[in-house]
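The chain contents come next:
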Amino acid sequence: DGGITQSPKYLFRKEGQNVTLSCEQNLNHDAMYWYRQDPGQGLRLIYYSQIVNDFQKGDIAEGYSVSREKKESFPLTVTSAQKNPTAFYLCASSILGRDYGYTFGSGTRLTVV
Amino acid sequence: DAKTTQPPSMDCAEGRAANLPCNHSTISGNEYVYWYRQIHSQGPQYIIHGLKNNETNEMASLIITEDRKSSTLILPHATLRDTAVYYCIVSAGGTSYGKLTFGQGTILTVHP
């Protein structure tokens, strides 16, 4: 079945370390997105990518970096510059330019220890 | 994107219809109404969307008022597995570039 796979489901990081969250999709979707969700709050857009080798900052890009070397993959690196990285991270994809809904992964819960 | 207003919580008996309202009085002509739901610790799940006509799929029905300022999501026969946070979002569809403004949503609790 087609879908989005995020890994790992839970991730623990020491302060000062970079960590990379994986997101892979086999839906042949053009666009991919990263969101952050904090307890009791809605989703905030970190980065999005419409095509391979191109990506744009969202509302809260500081302290994060991404790459889009393949259509299927959009990894997110949480750097040591991100001051409050503990959160639930969600990856999503969509068909660019169409009014279909977004498909979300199951999320990665990152905890800084 | 236009803002939406939803009640913070609702209850529904199992087997009955759940009607979740949403106000979006500032919606623009090119914006769609989308509904997603999120079960605890999972990613949001797309339910349905519409522009101005009522829509129905295997999960739910969406009723949009004629002036498009409000809508209602209907789960015709709610089950315990429908307990989740339901988000109503207005967005310019394929040109939204990730700008899905998820508010607080409605916590729907389906009880036996």
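See the structure shown above.
Here the structure is a predicted model, which means the values were calculated and not measured.

Draft legend 1. Structural view of the sheet that holds strand β1 (residues 4–7) of chain A. All names here are of chain A. Spatial strand order, β1-β3-β8-β7: 4 strands in an open sheet with antiparallel pairing. This sheet does not close on itself; its edge strands, each paired only once, are β1 and β7 (64–66). Averaged over all neighbouring strand pairs, the angle between strand axes comes to 20°, with direction disregarded. As judged from the 3 bridges shared by strand β3 (residues 19–25) and strand β8 (residues 76–78), these two strands associate in the antiparallel manner. Across the sheet, T20 pairs through a bridge with T77, a residue of β8.

Draft legend 2. A look at the state of the cysteines. According to the stated counting rule, one finds 2 disulfides over all chains in the structure shown. One disulfide bridge connects C23 of chain A with C91 of chain A, the sulfur atoms lying 1.9 Å from each other. The S-S bond linking C23 of chain A to C91 of chain A shows a torsion near -75°; that makes this disulfide left-handed. With a gap of 68 residues between them, C23 of chain A in strand β3 and C91 of chain A in strand β9 (residues 87–94) connect regions that are remote in the sequence. The class for C23 of chain A is buried, based on a relative accessible area of 1%. Covalent S-S linkage joins C22 of chain B and C88 of chain B, the inter-sulfur distance amounting to 2.1 Å. Across the disulfide from C22 of chain B to C88 of chain B, rotation about the S-S bond amounts to roughly -80°, and the bridge is consequently left-handed.

Draft legend 3. Focus on the side chain of Q6 of chain B. Residues and elements named next belong to chain B. Mapped onto the secondary structure, Q6 falls in the segment before β1 (9–13). Given a relative accessible area of 16%, Q6 falls into the buried group. There is a polar contact of 2.9 Å between the side chain of Q6 and the backbone oxygen of Y86. A distance of 3.4 Å separates a polar atom in the side chain of Q6 from a polar atom in the side chain of T106. For Q6, the contacting residues outside a window of four places in its chain are P21, C22, W35, Y86, Y87, C88, G105 and T106.

Rules behind the numbers
Residues numbered from 1 in each chain as written. Chains lettered and ligands numbered in written order. Predicted model: local features only at pLDDT ≥ 70, side-chain atom pairs only at ≥ 80, totals over all residues. Heavy atoms only, no water. Pairing = 2+ DSSP bridges. Helix = DSSP H or I, 4+ residues; strand = E, 2+ residues; numbered from the N terminus. Axes fitted to C-alpha atoms, helices over the stretch in contact; angles between N-to-C directions. Disulfide = S-S within 2.5 Å. Buried < 20%, exposed > 50% of the residue type's maximum accessible area, 1.4 Å probe, protein only. Polar contact = N/O pair within 3.5 Å; in protein donor to acceptor, adjacent residues only side chain to side chain. Contact = heavy atoms within 4.5 Å.

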